[in-house]
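Listed below, chain by chain, are the residues.
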Amino acid sequence: MLTDIIAKDLNIIFCGINPGLKSADDGHHFSGRSNRFWKILHQSGFTPYQIEAVHDTTILDFGYGLTTAVARPTSRADELSKEEFDQSLEIFKSKITTFHPKYVAFLGKAAYQVFSGKKQISWGKQSEDFCGAKVWILPNPSGLNRGFTFEDLVHSYSELYHEIQK
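Residues numbered from 1 in each chain as written. Predicted model: local features only at pLDDT ≥ 70, side-chain atom pairs only at ≥ 80, totals over all residues. Heavy atoms only, no water.

1. Description of the layout of surface pockets
1) Next: Of the volumes computed, that of the largest pocket is approximately 750 Å³.
2) Next: Contributing to the lining of the largest pocket are 36 residues, with Ser75, Ala77, Asn140, Ser142 and Leu144 lying nearest its centre.
3) Next: Broken down by class, the residue content of the lining of the largest pocket amounts to 14 nonpolar, 17 polar and five charged. (1 Å grid on protein atoms, 1.4 Å probe; cavity = no way out; pocket = protein on both sides within 12 Å on 5 of 7 lines; lining within 4 Å. Points joined across faces, edges and corners; volume = space filled by probe spheres on them. Nonpolar A, V, L, I, M, F, W, Y, C, P; charged D, E, K, R; others polar.)

2. A look at the packing of aromatic side chains
1) Next: Per the counting criterion, the structure on display carries 19 aromatic pairs.
2) Next: Taken together, a centroid distance of 5.2 Å and an interplanar angle of 85° make the contact between Phe46 and Tyr64 edge-to-face. Taken together, the residues span a long stretch of sequence, with Phe46 in the loop between helix H2 (37–43) and strand E2 (64–68) and Tyr64 in strand E2 at a distance of 18 residues. Accessibility assignment for this pair places Phe46 and Tyr64 in one class, buried.
3) Next: Between Trp123 and Phe148 the ring centres are 5.2 Å apart and the planes differ by 85°, which places this aromatic pair in the edge-to-face class. With Trp123 in the loop between helix H4 (110–116) and strand E4 (124–130) and Phe148 in the loop between strand E5 (133–138) and helix H5 (150–164), the pair connects residues that are 25 residues apart, well separated along the chain.
4) Next: By relative accessible area, which is 37% here, Trp123 ends up partly exposed.
5) Next: Aromatic rings pair up to connect Phe14, Phe30, Phe37, Trp38, Phe46, Tyr64 and Tyr161 into one cluster. (Phe/Tyr/Trp six-rings, centres within 6.5 Å; stacked < 30°, edge-to-face > 60°. Helix = DSSP H or I, 4+ residues; strand = E, 2+ residues; numbered from the N terminus. Buried < 20%, exposed > 50% of the residue type's maximum accessible area, 1.4 Å probe, protein only.)

3. Some thoughts on the side chain of Gln126
1) Next: Mapped onto the elements of the fold, Gln126 is located in strand E4.
2) Next: According to the relative accessible area criterion, Gln126 is buried, its value standing at 10%.
3) Next: With sequence-adjacent residues up to four places away left out, Gln126 is seen in contact with Tyr112, Ile121, Val135 and Ile137. (Contact = heavy atoms within 4.5 Å.)

4. Some thoughts on H5
1) Next: Taking 1.5 Å of rise per residue, 15 residues should cover 21 Å, and H5 covers 22 Å from first to last C-alpha, within 8% of that figure.
2) Next: Where H5 is concerned, the buried positions are Leu153, Val154, Ser156, Tyr157, Ser158, Leu160, Tyr161, Glu163 and Ile164.
3) Next: For H5, the secondary structure elements touched by its buried residues are strand E1 (12–16), H2, E2, strand E3 (103–107), E4 and E5. (Expected span 1.5 Å × (residues − 1).)

5. Quick word on the pairing of E2
1) Next: Where burial is concerned, most of E2 is hidden: five out of the five residues are buried.
2) Next: Looking at chain direction, E1 and E2 are connected through five bridges and run parallel. For Cys15, the partnering residue across the bridge sits in E2 and is Thr67. (Pairing = 2+ DSSP bridges.)

6. Overview of unusual backbone geometry
Of all residues except glycine, most have a negative phi; of all peptide bonds, most are trans.
1) Next: You will see that Phe30, though not glycine, has its phi angle at about 55°, which is positive.
2) Next: Locating Phe30 in the fold gives a position in the loop between helix H1 (21–26) and H2.
3) Next: If you check the backbone angles, Cys131 has positive phi at about 55° while not being a glycine.
4) Next: Within the element layout of this structure, Cys131 appears in the loop between E4 and E5.
5) Next: On the basis of relative accessible area, Cys131 is assigned to the partly exposed category, the value being 30%.

Structure representation (structure tokens):
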């Protein structure tokens, strides 16, 4: 089981699509060998060192949190149905309303497309808020996402990092 790592009034809650099987099994976010999240987070400026997945709760020390759009673990995010996203929407809205982050950073477009009802979404900052939080769409750091090089991912995440420094 993978639990949220969140607190009130964080700068950013990073929202993965859903837990991978390894993360769900060991209880640590982004623990799959091929997942690049922790390395990208460090390389893009969010953390002064690379957090190990087993120490994922230390992300709170930097003003960031972690959650998923859908709780059910899968080996691939495309195994989720639109209905599962639809059923998760109210729970997710409640989380964001309760914890009130400045930003919600969706890792990949899939969840936000369903949650917002929009077919076309651009990368980066969105024009509308979500339950009072600014929205940013980042590429998914999964090793299965081969559409972005490591350098592309660091660049995209760095844009959000620089935005929150303003």
